[in-house]
Structure formats: C-alpha cells, structure tokens
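The primary structure of each chain is shown beneath.
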2 protein chains.
Amino acid sequence: MRKVYIYDTTLRDGCQAEGISFSVDDKLRIAQRLDAMGFDYIEGGWPNETNPRDREVFERARDIDWQHAKFAAFGSTRRPGIAPDDDDQLRFLVESGAPVITIFGKSWDLHVTDVLRTSLDENIQMIEDSVAFLKESGAEVLFDAEHFFDGYRADAEFAMECLRAAQRGGAECLVLCDTNGGSMPLFVRDVVAEVVDTLDVPIGIHCHNDAGMAVANTQIAVEMGASQVQGTINGYGERTGNANLCTVIPNLELKAGMRALPEGMLAEITELSRWVDEVALVDRDQRAPYVGDAAFAHKGGMHVNAVLKTPTSFEHVEPQAVGNERRILVSDYSGGSTILHKLQHIYPDIDRKDERLREVLNEVKRREHQGYQYEAAEASFELLARRIFGDAEELFELQGFRVILGKHREGEMPFAEATVQLKLPGSDSAVHTAAMGDGPVNALDRALRKALQDKYPEIGRMHLVDYKVRVLDATEGTSGAVRVLIQTRNNGQTWGTVGVHENIIEASWQALTDSIIYGLTVAEQRDEGSDAGE
Amino acid sequence: MRKVYIYDTTLRDGCQAEGISFSVDDKLRIAQRLDAMGFDYIEGGWPNETNPRDREVFERARDIDWQHAKFAAFGSTRRPGIAPDDDDQLRFLVESGAPVITIFGKSWDLHVTDVLRTSLDENIQMIEDSVAFLKESGAEVLFDAEHFFDGYRADAEFAMECLRAAQRGGAECLVLCDTNGGSMPLFVRDVVAEVVDTLDVPIGIHCHNDAGMAVANTQIAVEMGASQVQGTINGYGERTGNANLCTVIPNLELKAGMRALPEGMLAEITELSRWVDEVALVDRDQRAPYVGDAAFAHKGGMHVNAVLKTPTSFEHVEPQAVGNERRILVSDYSGGSTILHKLQHIYPDIDRKDERLREVLNEVKRREHQGYQYEAAEASFELLARRIFGDAEELFELQGFRVILGKHREGEMPFAEATVQLKLPGSDSAVHTAAMGDGPVNALDRALRKALQDKYPEIGRMHLVDYKVRVLDATEGTSGAVRVLIQTRNNGQTWGTVGVHENIIEASWQALTDSIIYGLTVAEQRDEGSDAGE
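Just so it is clear, the structure is predicted and the values come from calculations on it, not from any experiment. (Residues numbered from 1 in each chain as written. Chains lettered and ligands numbered in written order. Predicted model: local features only at pLDDT ≥ 70, side-chain atom pairs only at ≥ 80, totals over all residues. Heavy atoms only, no water.)

## As for the confidence of the model for chain A
Residue and element names in this part refer to chain A.
Piece 1. With 94% of its residues at a pLDDT of 70 or more, chain A shows a mean pLDDT of 89.
Piece 2. Low pLDDT, under 50, characterises residues 474–479; the predicted model gives this stretch 18 contacts beyond four residues in sequence or across chains.
Piece 3. Under a pLDDT of 50 for its full length, residues 529–534 has, in the predicted model, one contact with residues more than four places off or in other chains.
Piece 4. In the predicted complex, the global pTM is 0.76; the interface-specific ipTM is 0.75. (pLDDT = per-residue confidence, 0-100. Contact = heavy atoms within 4.5 Å.)

## A few points about the pattern of salt bridges
All names here are of chain A.
Piece 1. Applying the stated criterion across every chain yields a total of 74 salt bridges over all chains.
Piece 2. Across the pair Asp25 and Arg60 runs a salt bridge, and its minimum N-O distance is 2.9 Å. With Asp25 in helix H1 (residues 24–37) and Arg60 in helix H2 (residues 52–61), this pair connects stretches of sequence that are 35 residues apart.
Piece 3. Overall, Asp25 belongs to the partly exposed group, its relative accessible area being 44%. (Salt bridge = Lys/Arg side-chain N within 4 Å of Asp/Glu carboxyl O. Helix = DSSP H or I, 4+ residues; strand = E, 2+ residues; numbered from the N terminus. Buried < 20%, exposed > 50% of the residue type's maximum accessible area, 1.4 Å probe, protein only.)

## A closer look at the environment of Cys15 of chain B
Piece 1. Looking at where Cys15 of chain B falls in the secondary structure, it is placed in the loop between strand E1 (5–8) and helix H1 (24–37).
Piece 2. The buried category is assigned to Cys15 of chain B, whose relative accessible area is 1%.

## Topic: the relation of the copies chain A and chain B
Piece 1. Expressed as a screw transformation, the operator carrying chain A onto chain B has a rotation angle of 180° and an axial translation of 0.1 Å, and the superposed copies differ by an RMSD of 0.1 Å. Between the two chains, the operation in question is that of a two-fold axis. The position closest to the rotation axis in chain A is occupied by the C-alpha of Ile404 of chain A, lying 2.2 Å away.
Piece 2. Of the interface residues in chain A, 100% have counterparts in chain B that sit at the interface too, so the contact is made through matching surfaces. (Least-squares fit on C-alpha atoms with pLDDT ≥ 70 in both.)

## Some points on helix H3 (residues 88–95) of chain B
Residues and elements named next belong to chain B.
Piece 1. Every buried residue of H3 is listed here: Gln89, Leu90, Phe92 and Leu93. Viewed end-on, H3 has its buried residues packed into an arc of 155°, placing them on one side of the element.
Piece 2. Elements that come into contact with the buried residues of H3 comprise helix H2 (52–61), strand E3 (70–76), strand E4 (100–106) and helix H5 (120–136).
Piece 3. Capping the start of H3 is the job of one residue whose side-chain oxygen sits 3.1 Å from the backbone nitrogen of Gln89: Asp87.
Piece 4. Looking one or two places after H3, you find Gly97, whose phi comes out positive at around 75°. (Arc of directions from axis to C-beta. Polar contact = N/O pair within 3.5 Å; in protein donor to acceptor, adjacent residues only side chain to side chain.)

## What to know about the sheet that holds strand E1 (residues 5–8) of chain A
Residue and element names in this part refer to chain A.
Piece 1. Reading around the circumference, E1-E2-E3-E4-E5-E6-E7-E8 is the order of the eight strands in this closed barrel, with parallel pairing throughout. Sheet twist, expressed as the average angle between the axes of neighbouring strands with direction ignored, equals 25°.
Piece 2. The strands touched by H1 are E1, strand E2 (41–45) and strand E3 (70–76); relative to E2, the strand with the most contacts, the crossing angle is about 175°. (Pairing = 2+ DSSP bridges. Axes fitted to C-alpha atoms, helices over the stretch in contact; angles between N-to-C directions.)

## Here's the deal with the side chain of Glu43 of chain B
All names here are of chain B.
Piece 1. If you trace the backbone, Glu43 turns up in strand E2 (residues 41–45).
Piece 2. A relative accessible area of 0% places Glu43 in the buried class.
Piece 3. At 2.4 Å, the side chain of Glu43 forms a polar contact with the side chain of Tyr7.
Piece 4. Leave out the neighbours within four places in its chain, and Glu43 touches Tyr7, Asp8, Thr9, Leu11, Arg12, Ala72, Phe74 and Thr102.

## Brief notes about the state of the cysteines
Residues and elements named next belong to chain A.
Piece 1. Counted under the stated rule, the structure contains zero disulfides over all chains.
Piece 2. The thiol of Cys15 is unpaired, and the distance to the nearest cysteine sulfur, on Cys246, comes to 16 Å.
Piece 3. Cys173 carries a free sulfur, and the closest cysteine sulfur to it, the one in Cys177, is 10 Å from it.
Piece 4. Take Cys173: its relative accessible area is 4%, and that puts it in the buried class. (Disulfide = S-S within 2.5 Å.)

## A word on the nonpolar core
Piece 1. Counting 188 residues, the largest nonpolar core has Phe39 and Phe148 of chain A together with Phe39 and Phe148 of chain B as the members making the most contacts within it.
Piece 2. Setting aside its immediate chain neighbours within four residues, Phe39 of chain A contacts Ile6, Asp8, Leu34, His68, Ala69, Ile233, Leu245, Ile249, Leu261 and Leu272 of chain A.
Piece 3. Counting 86 residues, the second-largest nonpolar core is a separate cluster that includes Leu444 of chain A together with Ala451, Tyr467 and Leu512 of chain B. (Core = buried A, V, L, I, M, F, W, Y, C linked by side-chain atoms within 4.5 Å.)

## Concerning unusual backbone geometry
Piece 1. Residue Asn234 of chain A is not a glycine yet carries a positive backbone phi of 60°.
Piece 2. Secondary-structure assignment places Asn234 of chain A in the loop between strand E8 (228–231) and helix H10 (245–255).
Piece 3. Under the relative-accessibility criterion, Asn234 of chain A is labelled buried at 9%.
Piece 4. If you check the backbone angles, Arg117 of chain B has positive phi at about 55° while not being a glycine.
Piece 5. Its place among the elements puts Arg117 of chain B in the loop between helix H4 (109–116) and H5.

So this is what it looks like as structure tokens:
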C-alpha cells in the first residue's frame, strides 16, 4: 500500500487565518494530539527574533517525547547579499533544535524582482546556499517553492531552476506551493507530472483554496506522484485557507487506497477535527466533507427512505470509517417516515398510521415557521413529541420570576440577581428562591436549580455547556425574534434544547426549562436503566 | 468566447441543506434576483401532491415577467409499471406550466434493483417514455442522470444506455450527476470525455461536495466539453452541499476565459452571495473563495507588506472583479505596518515611528488575549486608537443602570425595564431615564438613547442591526467569558463594536456604548463632512 507523508501546518500557516490565534500551550496540546494520531510532520511555527512565542514553542518541544512525528521549524531563505551564517533568521532556525527545517524560497520571477527586489541569479544562489547551510546543522531540510505554479506559468525554466538549486543544496523534499491558490486542477496535473518526471527528489504539494481547488489539486498531485502532502486541520489558513487535511486524508485512504495515517487512526479524524475547532474557538463547519455534522445528515423524505434501506444509496463512504455518524433530520421537509424513525426509539411499537405522528409533524412545521430549529435541539423535539403523546411529566408550575441587573458606575462590576417562585406537584406551598449570577440567564438558571434541588437532587450533576443566541430577523437588531440554543451535559450525555421569542429572556427560559425537564425525566431514566419506572 | 449555461438549483437541491427552509416569498425573491443577474435556468422546486408550497411557487411564477432565465420544474421519471399519463407526479409537472422540466432517473443498477425495486429494462423504458411524455407538452426537457458516476463505475454500459434512452425520448440536455459526491477529479475527467465523445447531445454536470471535489469536478467537466453547470448559491445542499456557483462562475470566467453571466454581472456576485445568506438565515462562510469576507484578507506582517507593494503577489485575482475587497486585518499577528495602514485614514500625516502606534498594537494584543476580536469590530478598534491618541470624546459619565426582568406565570409575556443615570458634560444635574424593552439589552439600549436624545438628537437615526453573543469558554456554559458583537447602522454607514466580559450585560454595555459613541462622534463627522468641526 502506497504511503503518503502528511505534513501538518495548522500551527504555522493555519494561524494566518482570520480569527485564529494559538497560545504556546494551545500549540503544544495540538501538536501532541497530532503526534498521537500518527501525523508524519508537524510544523510548529517560525522561530525568529520578532516571534518570541514560537521560540518558546520550540524550546518546550525539545523536552517532549515524540511518538511518531517530526517537529518542524519554518523559515525563509537568507536575505539577499549576505552569507547564510550572517543571517539571524537562519541562525534562529538552527538554534530551535528542530529535527526538520522547512524553508521557503521564491520561484516566481515577479516576486524576486518586485517584492524581494534582487536578481534572479542571486535568488537561485540564496536557495542553494541556505539549504546547504541548514543541512550542515544536521537537520532534515525541506524546500517550499513559493508560488511555484504561478512561477511555472510565467517562466517554467526559472521555476525549475529554483527546484534544482534546492536539490543541489541537499533538500530532502521539494514542495510545490500554490501560494495564491488560484491554479486549476488540470494545469496542476500537467505541471506535477512534468516535475516528477524531470527531478529525482521526493516531491510535496502545498495548496491554498482561493479557487476552491486546494483538496482537488492535492489529490491530483499525489495521483501524479507527489509523496508528501501539506495542509491544515479543518483547512485553516490565510484568506480562504489551506488544503483541509480532514478531507485530504480520508480521500487518500478511502478513495485512492493509499496509507496516510497508521492503521485505525482514520476513525479518529472526526473527533480530531471537532477538538481542534474547540481549541481554536472556531465554529464548526457543519458542511465539512467527512467530519461535518451534516456530512451524513439526511433530510429529504425520499432520501431518508432510501438510505435506511440501502446506505450506499446516498452515502459515498460509511460514516463510521471516519468516526462520524448518520443523522436523520427533523424539518418541514420531513415526512412521516422521518418522524417515525425518530420516535421509534421512544415508542418501539408505534403504528406508522398513528394519528399522533401527523400531529407531531404539523407542530414541528408550525414552530419551524416561527423560527424554532430542532436539528440541534433533539431534546426539545422529544419533549414536544412526548407532550403530544400525553407522556411528558411537568415538574413544576411557574408562579413568577424576576431578574434585577445593575451597575453603579463605569469600571464597576455589574450584578445580576434572580428570584424564582414555583409550585411543585404534591405540595401546597410555593418554593421561592433567589440567586446571583454572571448575567440574567445564569442567575435565572441558578435560582431555578436551587428551587428544584431539594426535590430533585440529581439536578446538581447537570450543567450548561453551551449557550447560543441568534437574532433571526437581522434587520431589527435586538428587537427581532431571538433563537436560543442550550447544550446541557450530565456525565456522558449531552442534549440540546431551543427557545424562540422576541424577548431573549423568554426564549432562554423556554430552552432552560426544556433542558432541565429533559434532564430530570428522560435523560435520567436512560441513565439509570431499570430504576426508570419510579 | 465559449458560453457555459448556468442552472441554479438553490431553491430545490439547496433546500435539502440542514437548517435551510425557504418560504414561497423567499423563493420568488431569490429567483427574481438570479434572473436579474442573468442566470440561464432557475429550478424552483418539485411541484407535486405532497408539496403545496412548491405548487404555489410555480403558480405565482407564471405571472412573473422573466428577463433572462427559464424557470424550471423538477421531478422524477414515472413510477414502474404504469403509463406516463397515469402518473400524477408527471401530470403535476406539466400543469406547473414551467417552460423547462428537469427529471431525474436512475443510472446506477444498484439503485434500480435495491431502492426502486424494478428491472433494468423497465428503468430504461421509464426514462425514455417519461421524457417523451413531457416533451409532448411543449416544455424543454432536461434529464438528470442520478448517480451517473457511481453507475458508470459499476456498469458503464447500463449507465450509458440510460443516457441514450433519455436522448431517444428527446431530452435537450443530459446532466451527469455525482449524487453521492464521492467521485475523484481524474475519474470524472475520463468519464466526461468518454460521454462527450460518444453522444451527440449537450452534456451538463451536477456535483455534490462529499469529498470536497464539487467545484473541481464541475470545472474539469466543463473543460472536457460539458456545456451546462448545475449548482447552488453558496453551495447549499444536502449533506456537504452542491457545487458552489459563487466559486464555479468566477473560475469559469476568470480562470478559463469562458462566459457564464452577461458582461458586468460577475462584479455583483459577492453581494448576491451575502444577500442570499441573509434571506436563508445562514451564517456567512468567511473563508468562501472569491466572495468570503476573508477571501482577500491579509494578516501576516510580511504578506501585508508584499500585497500593498504588489497586489498580485498574494491575490490570485483582483477583488473588484467579483465585487469583493481587500482587507488588512488587525490582530496579534499584525506588525506596526498593519496598524499604520489602518490609522492612516484617520491620521494621514502620522509618522511610522510614532510611539503611540506601538502602544495601540500592544493594547490590541492584550485585549485579544482576553477574548476581544477587532476583525469584525473596526469601530471599537478605532475608538481604542483614538483614546490612546488622546482624541476621543467621552459623551457621558455613567452613574448607574439597573434592569428589571420579570414574568408572573407560564404563558405570560415577560417584561424588561431599564433605568439609566448619566452625567452629561457641561451639566450639573444627572439625566435619569427609564425604558421598557424586549429583553435586557434592548431595554438598556432604549434607556441609554432616551437619556442622550435631548443633547444628541442625531441618535434617533441610528439603529442596531445585529447583536451576536458568543460564549468563549464552551466548557463553562453561561458562566464563561462572553463576547458580544453589535452592528449599528445610520443611513448607509454600518459599524461593528465588541465587548467582552464574564457578565453578558457588561459585555453588551461595552459594545453598546462604543457603538453610540462611535456613531455620535466619528461616523457623524464623516457623514456631515465640513460640519465635522463643531
């Protein structure tokens, strides 16, 4: 089985993305996770004078016991007109102690003359002697030929000569970069074929996605003979991003039958993708190939039928192969068979002609029209269905709540205090409690829990893990309808609930009470198995 | 110049996407906008018995005076074992009155036997006589060969025979569909070349993105001779989506020199993309090729330098060609030259060695560390800089605010009341006002405006257009740090501000006061030109 080497640059090129910034700890956590997954190379950053953070990364990386990966430092060829050992930046690379050093050099004549402002000959010399200088330090040296495809189009002979200079310097791999990301796939095919045919050094590929081609160009380059792939987790990167390794790796393994990660690791890639998004504070791309939440989500009634009969009918690979899962979505596109499928795990003996299925479907459609979304709020969907089936337990009756927020002057911390008054079933007197919080919803959440704690001590184990607010009518600002989505966790279980209202507190209250009711009735029963009947 | 026909299926296949649901009005608004942009075909939906919404779309579409596009109805071949005129679904298609009808039929033997559960011969017959039946009604008929590439791999002869059946029936175009989205580009290249070579009917291409190849496969198919492209705006579609026409169209025009839209329309495509996201209530894909906010955003210090010198150095096309714009991002990756570039429009004569530039940069880095993000909050960035430059006007001094929220019982509408106490410069007594709102931030916003209205009547023209909340530490739920982003508009100007705090009200207060101060000082001056000096 043909092996393709995976070179991750999330920690260097990925950080060029809008909105992404990793701390030293973040970088080392991600690097160690990639190492454990069996990535071949992990580029940690550019350790130079103006970048103390990356210098610290390499300092701390020296003490890590790497299992599989080689930790790589990134930099550039020397400046024009000086000797390599007079170049501080090259010295920092050597001092980083990284076992692999990747340097980029220009391979597009325009860049040499207009940006670097030196001669083409000097550029060739800079590549050759910078690579040779780094080789002497004992590191494995890779050469990134910046703008290679644009350079090839402008002056193929000069671009090839840049590669040959790196080869003469002793580079272990020549990486063809589509730095501006604008190259079309059939052109990439022809150029890679030509380079692989001409040169006798391993070839790598490094693509950007400015024309939506990063993944395709990478795949084609490998099929034409490239043996190293550079990219980032989730495609983070400058402008439109780099080749997304969470797509590239499954394509190489599942479509081309090649080996990219050690056996068994492909099934971890969905979890890896989502974990890195969490560390990077990036909203997940729902539609990402292979690893997105929607990658195996079926909505159209006819497709749902077909995929339940014959999975390959609308799934190009098995979701399990990449650690993802099939989802059947409830929406106003849903027919009875979607609702039936969703409710069968609650009511295994339900008749597909049961009138209540239609009632649930109609209620879902009515509420989606108001702005509810059940796709991320399955707990609210289940409670809605249980209420129609006459099977929901109401745990309390609200007699009122009140939240007071205040701040006395600029610079002072504001306060939030909530009071809640509830009537519990089987009790004549009302519970009346109060709590402070970091904001109105947090105060309300705490007061509500406090009011229920005596009767339902299990509530202490549940906690909110995410709270999202979306204004639905963007032209109205804070006065538009608001959708609140809440995620709650108890031990291993997580559930989502939704509320919609013009008033954000009412929308939050709906999602909050659904989350607590679901947690105390449905989730609790599932957790305790045979104790469920009480 | 070679013309490629653009067939948009946002209103049909796009609606299969998780989270997308269009009303009849939405569909017609989008269709008319695509028509005005010069799209060739617009697929409006599947008008059948169980889909009254799409039947209404076609009813209302008949009264529209289409400028350029043909409005197309979508459906399937007849059911097995009956005559075409006994098939209700085909009848609904004819009755829709659409001038173009696109029907899909199976071209993968597995689907015929396992999903449709009929014979291969009957499938061939269904394709031929369904197309012929629709042709008799006078419509232009296109045939979507579902799962064509998977079918070709499984049994090329059968897949080709399905195309020939549609050709015999009189189909005007045979559309090769990669329905499961799993085909690799060089395979698509070979198959399309073979089909174009063998058959004498125009060929179309319809790709899904499950392997990240939809845009590449579409481009390659056109380069191999396909003359019609099917896709959706922003790539909406089932699972990972369809080919994104906002990438495909610029690629065809700018990379392959073909004609897709009428001259001049390509420069409208960024605006189209963003407008459709608004109508669909979809968060913009910041990283989308060509049209994304980050598509021409530069962050790394060295790249910023280069792109300001020589734009083609890090931009594959001119942003203006697609109606987008270059952005220089402020971040902790920024060097002095980014801050300098941002501040030059405020202080044209600033010296690049000015100590305050460094101070601004350090303050930005310090705050980004706390969770502030200035990339979407340029007004807050400008106020921060102005404060350091000693050039910010403080409009009031807070003496306290208080918000009271309450609800008396389930089903009752909650209320929100805010009081604000401010001291205005040049006045001894405090202004003390109160206002109700649809939520705490809305009430606070109203009370604050009321308190300022007498002194700054211009405030009446400004309004919040968006309010976004993000919990930064997802493991802490409502107790984590919260980032609030606010967008405010006055006439044509829109500006973004940011606030970060553990308390959502404090974070909102920061963003709110920044938005009002910026609006009353900076934005107002720019708007009024020579009146600015007062």
